[in-house]
Amino acid sequence: MADTVLLSYLLGVASALSGYPEVPLADLPTLRLMTPAALVEEACPDEPRECEKLVALYDHDREQILIRADLDLDNPADNSFLVHEFVHVLEARQKGALYQHDCNATLRSEREAYRVQNRYLQQEGRAERFGTMLATMVCARDQRMAGGEAMKLELAPGISSEERVLENFMQELRDGAAAAQRR
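Residues numbered from 1 in each chain as written. Predicted model: local features only at pLDDT ≥ 70, side-chain atom pairs only at ≥ 80, totals over all residues. Heavy atoms only, no water.

A few points about the pattern of salt bridges
For side chains bearing opposite charge, pairing can occur when the charged atoms are close. The line we're drawing: Here, a salt bridge means any Lys or Arg side-chain nitrogen found within 4 Å of an Asp or Glu carboxyl oxygen. Here a strand is any run of E in DSSP of at least two residues, a helix any run of H or I of at least four, and the numbering for each starts at the N terminus. Whether a residue is buried, partly exposed or exposed follows from its accessible area with a 1.4 Å probe, protein chains only, as a fraction of its type maximum: under 20%, in between, or over 50%, in that order.
Within the structure shown, the criterion is met by 8 salt bridges. Linking Arg32 and Glu42 is a salt bridge whose minimum nitrogen-to-oxygen distance equals 2.8 Å. Residue Arg32 is found in strand S1 (residues 30-34), and its partner Glu42 is found in helix H2 (residues 36-43); the two are separated by 10 residues along the sequence. Overall, the relative accessible area of 24% leaves Glu42 in the partly exposed class. The structure contains a network of salt bridges with shared partners spanning Arg32, Glu42, Asp59 and Arg62.

Below you can see the structure in the form of structure tokens.
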């Protein structure tokens, strides 16, 4: 597992870039390293194909972060997924019952976590970017799902990809300004 110095650094990055108050390292959820297959099986037992590309997951209900064991946590591209999950942890601690309470809140939460993850990668001089597909997605009207847990997304109707990317960029600017004000 990653050492406490690295975890503390990544938690600090998540806090600084998101604007959420930092929590003590000892108060983080349990971190579980898992094989890719075990991660998919635990995260999506009913629909494993939905989670084939899953790298890490904050399981809010069971207070744990599931992480693929094949990640190189000394590599910023790989450890950026911990930054992403730490943003979720910090957000959940800040918002309580309002954390990801519906599809729109979950989509905003994911966009924010990817925004922070990508800013971290930029600071580290990395070219990788993750979560860009969320810029063109909206919550489907019908959120009834077989498992009840997953959110159902669809392409935004009537908005071109370019317009959606610009809208997402503007939202990221607003989020950054709001985060700066929270500090």
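Still to come is the rest of the account.
Comments concerning the nonpolar core
Our working rule: Throughout this description, the term nonpolar core refers to a set of buried Ala, Val, Leu, Ile, Met, Phe, Trp, Tyr and Cys residues connected via side-chain atoms within 4.5 Å. In this description, contact between two residues means that some pair of their heavy atoms is separated by no more than 4.5 Å.
If you look at the biggest cluster of nonpolar residues, it comprises 30 residues, and the most contacted ones within it are Leu10, Leu31, Ile65, Leu82, Val83 and Phe86. Counting only elements with at least two residues in this core, the list comes to helix H1 (4-18), strand S2 (56-59), strand S3 (64-68), helix H3 (76-95) and helix H4 (103-123). In terms of residue count, the dominant contributor to this core is H3 (8 residues). Once you skip the residues sitting within four places of it in the chain, Leu82 turns out to touch Leu7, Leu10, Leu31, Ile65, Ile67 and Leu73.

What about the sheet that holds S3?
Applicable threshold: Paired strands are those between which DSSP finds at least two bridges. Orientation is described by axes fitted as lines to C-alpha atoms, over the contacting stretch for helices, and by angles from 0 to 180 degrees between their N-to-C directions.
Pairing is mixed in the open sheet, where 3 strands are placed in the order S1-S3-S2. The open sheet is flanked by S1 and S2, the only strands paired with a single partner. On average, adjacent strands in this sheet sit at an angle of 20 degrees to one another, irrespective of strand direction. For S2 and S3, the ladder comprises 4 bridges, and the chain directions are antiparallel. Counterpart to Tyr58 in the pairing with S3 is Ile65. Sheet contacts for H3: S1, S2 and S3; angle to S2, the most-contacted strand, approximately 15 degrees.

Observations regarding the packing of H1 against H3
So the rule is basically this: Roughly parallel means an angle under 35 degrees; roughly antiparallel, over 145; roughly perpendicular, 65 to 115; everything else is oblique. In this scheme the crossing of two helices becomes right-handed for a clockwise turn of the near helix relative to the far one and left-handed for an anticlockwise turn of less than a right angle. Only Asp, Glu, Lys and Arg are considered charged, only Ala, Val, Leu, Ile, Met, Phe, Trp, Tyr, Cys and Pro nonpolar, and every remaining residue, Gly among them, polar.
Across the interface, H1 lies against H3 with an axial gap of 9 Å and an inter-helix angle of 60 degrees. Here H1 is positioned oblique relative to H3, judged by the angle of their axes. Of the two elements, H1 crosses H3, and the hand of that crossing is right-handed. Across from Leu6, Leu7, Leu10, Leu11, Val13, Ala14, Ser15 and Ser18 in H1, the residues of H3 making contact are Asn79, Leu82, Val83, Phe86, Val87 and Leu90. For the contact of H1 with H3, the residue count by class is 11 nonpolar, 3 polar and no charged.

Some points on the state of the cysteines
What counts here: Here, a disulfide means two cysteine sulfur atoms that sit within 2.5 Å of each other.
This structure, assessed with the given rule, holds 2 disulfides. Each disulfide pairs two cysteine sulfurs, and for Cys44 the partner residue is Cys51, the sulfurs being separated by 1.6 Å. Taken as a pair, Cys44 and Cys51 share a single burial class, namely buried. One disulfide in the model links Cys103 with Cys139; its S-S distance is 2.1 Å. Taking the torsion about the sulfur-sulfur bond, which here is approximately -95 degrees, the covalent link between Cys103 and Cys139 counts as left-handed. Of this pair, Cys103 sits in helix H4 while Cys139 is found in strand S4 (residues 137-139), placing the two residues 36 residues apart along the sequence. In this structure, Cys103 and Cys139 share a single accessibility class: buried. Cysteine pairing for the protein, with bonded cysteines counted in sequence order: 1-2, 3-4.

A closer look at the pairing of S3
For S3, a buried count of 5 out of 5 residues is recorded, marking the element as mostly surrounded by other parts of the structure. Side-chain alternation along S3 places Gln64, Leu66 and Arg68 on one buried face and Ile65 and Ile67 on a second face that is also buried.

With respect to the environment of Phe169
Inspection of the secondary structure assignment puts Phe169 in helix H5 (residues 161-182). Along the backbone, Phe169 and Ala135 are 34 residues apart, and their C-alpha atoms lie at a distance of 8.7 Å.

None of this, on its own, says anything about what the molecule does.
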